[in-house]
Amino acid sequence: MVIICPHCQHEHTIDERKLPANVTTVRCKTCKKLFEIDKQNQSQSDTAPPDEKTGPRKIAVTLSKGGVGKTTTAVNLAAGLALSGAKVLLVDTDTQGQSSFMLGVKPKAGLTEFVNDELSLDETMIPVRDRLWLLAGGKSLAGLKRVIDRKDFGGEMTLNEKLSSIDKQFDYVIVDTSPGWDPLIVNVLFYVQDVLTPVSLEVLTLQGLVEFLKSMSSIQKYNKEVALKYILPTFHDKRVKQSNGILSKIEALYGNHVCTPIRYNVRLSEAPAYGQTIFEFAPGSPGAQDYRDLIRKVANNPNLFT
Ligand SMILES: Nc1ncnc2c1ncn2[C@@H]1O[C@H](COP(=O)(O)OP(=O)(O)OP(=O)(O)O)[C@@H](O)[C@H]1O
Ligand SMILES: [Mg+2]
């Protein structure tokens, strides 16, 4: 079974059969701190295939720092999972609303209208590709944040309550977030189980990651389900010494969480202008190859796209 240390987020794979039945506390080999294990929950592998009973896998693509590749990752991850045969809902919680732009659509309504019960699901959740649906973000989300702020209690569960009522039909829900830290991001962290943080390979981003993980641990006190699952190095340029140095540092600090990096690839920056995913715009590009690799890891299926 896989055990994640709540202190340092390190993932440990242990043989359940060798664990004495009366053992409920273990010591993390990495940070040396003690923590309690919940055998029942831990043994449900994080990469378990989605099913009706447990609902979809819910993954937030988030980091407080701007411009690290969150939206590029959320859109291409969602689109790639849909291409692999899964049913996917992409939720854009950013007032910039760039997921729609990247997918070449201009929805009239989206997440705000759905959460506020202003319009029906059919009018707000739009099909954007085969097996891929979008609840769009945009400026109107500012109003939603105010609604959340005004609630006397339970504001942090607003998104969870609404999305849980419709998400059973999907295999994956991928949530793109805005930069910074606001009530909507807190809401997202009360909804998802897995967190994927794109980390552009710069010193400042590494610092941003440490800060973000501190903020996230304050949420984890209340939502035990949410955990850092994937760290995705982005804008990797092998020719740049700093890029390699920061990658080694991240790998040393976060081990198994670290995914194969997404290389700096100009095709990734060109695709949004055409409203296309990288798989449509440049399927043979390094960017497409790297995102396919991420999708294989997330789906826990090394044979996808082969
Ligand atoms: N691997 C890459 N190589 C080259 N360009 C990239 C790569 N990933 C993303 N980009 C480009 O970098 C810019 C920022 O990416 P993106 O919008 O995905 O970041 P973000 O974290 O969502 O930003 P924000 O915090 O503003 O929401 C975009 O123009 C995007 O096309
Ligand atoms: Mg973005």
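Keep in mind it's a predicted model, so treat the numbers as computed, not measured.

Here we look at the pairing of strand β6 (residues 88–92)
As a general feature of sheets, a regular strand has side chains that alternate between the two faces.
No. 1: Judged by how many residues are buried, β6 sits mostly within the fold: 5 of 5 residues are covered.
No. 2: The side-chain alternation of β6 yields two buried faces, one formed by V88, L90 and D92 and the other by L89 and V91.
No. 3: Pairing of β6 with strand β8 (residues 132–135) involves 4 bridges; the strand directions are parallel. Its bridge partner being in β8, V88 is matched across the sheet by L132.
No. 4: Sheet topology note: the β6/strand β9 (residues 172–176) ladder contains 5 bridges and is parallel. When the sheet's bridge partners are listed, V91 is paired in β9 with V175.

Side note on the site of ligand 1
No. 1: If you check the shell around ligand 1, you find 21 residues, and the closest are G66, K70, T71, T72 and P179.
No. 2: Looking at the shell around ligand 1, the elements with two or more residues in it are α2 (70–83) and α11 (266–270).
No. 3: If you tally residues by element for the shell around ligand 1, the top one is α2, at 3 residues.
No. 4: Of the residues assigned to the shell around ligand 1, the class counts are 7 nonpolar, 12 polar and 2 charged.

Brief notes about unusual backbone geometry
No. 1: A positive phi is found at R131, a non-glycine position, where the angle reads about 60°.
No. 2: Secondary-structure assignment places R131 in the loop between β7 (125–129) and β8.

Details of the domain arrangement of the protein chain
No. 1: According to the domain assignment, the protein chain consists of domain 1 (1–43) and domain 2 (48–299).
No. 2: The straight-line distance from the C-alpha centre of domain 1 to that of domain 2 is 28 Å.
No. 3: Residue-level contacts link 5 residues of domain 1 with 6 residues of domain 2.

Quick look at the nonpolar core
One recurring pattern in soluble globular proteins: nonpolar side chains tend to sit buried together.
No. 1: Counting 76 residues, the largest nonpolar core has A78, V88, L90 and I174 as its most contacted members.
No. 2: Of the residues forming this core, the biggest block, 8 residues, is contributed by α2.
No. 3: Excluding anything up to four places from it in sequence, I174 contacts I59, V61, A74, L77, A78, V88 and L90.

Notes on the packing of α2 against helix α13 (residues 286–299)
No. 1: Running from N to C, α2 and α13 point in directions that differ by 70°, and their axes come no closer than 9 Å. By the angle between their axes, α2 is roughly perpendicular relative to α13. Where α2 crosses over α13, the handedness of that crossing is right-handed. Here α2 contributes N76, L77, G80 and L81 to the contact with α13, which in turn contributes Y291, R292, L294, I295, V298 and A299.
No. 2: Residue composition of the contact of α2 with α13, grouped by class: 7 nonpolar, 2 polar and 1 charged.

Regarding the sheet that holds strand β5 (residues 57–61)
Within a beta sheet, neighbouring strands are joined by backbone hydrogen bonds and run either parallel or antiparallel to one another.
No. 1: Strand order in the open sheet made by the 7 strands is β7-β8-β6-β9-β5-β10-β11, with mixed pairing throughout. Two strands bound the open sheet, and with one partner strand each, they are β7 and β11 (227–234). Adjacent strand axes in the sheet meet at a mean angle of 25° when their direction is disregarded.
No. 2: Along the sheet, α2 contacts β5, β6, β7, β8, β9, β10 (194–200) and β11; its crossing angle with β9, the most-contacted strand, is approximately 165°.
No. 3: Against the sheet, helix α9 (residues 203–220) makes contact with β10 and β11, and its axis sits at roughly 160° relative to β10, the strand it touches most.

Some words on the pairing of β11
No. 1: Most of β11 is tucked away: 7 of the 8 residues are buried.
No. 2: Here β10 runs beside β11; their pairing, made up of 7 bridges, is parallel. Opposite P198, over in β11, you have L232 as the bridge partner.
No. 3: Once the chain exits β10 it traverses α9 before rejoining the sheet at β11, and the crossover so formed is right-handed.

Calculation notes
- Residues numbered from 1 in each chain as written.
- Chains lettered and ligands numbered in written order.
- Predicted model: local features only at pLDDT ≥ 70, side-chain atom pairs only at ≥ 80, totals over all residues.
- Buried ≥ 20, exposed ≤ 12 C-beta atoms within 10 Å, placed from the backbone.
- Helix = DSSP H or I, 4+ residues; strand = E, 2+ residues; numbered from the N terminus.
- Pairing = 2+ DSSP bridges.
- Near = placed C-beta within 6 Å.
- Nonpolar A, V, L, I, M, F, W, Y, C, P; charged D, E, K, R; others polar.
- Domains from an automatic or database assignment.
- Contact = placed C-beta atoms within 7 Å.
- Core = buried A, V, L, I, M, F, W, Y, C linked by C-beta atoms within 7 Å.
- Axes fitted to C-alpha atoms, helices over the stretch in contact; angles between N-to-C directions.
- Parallel < 35°, antiparallel > 145°, perpendicular 65-115°, else oblique.
- Left-handed = near helix turned anticlockwise from the far one by under 90°.
- Right-handed = clockwise from strand over helix to strand, strands pointing away.

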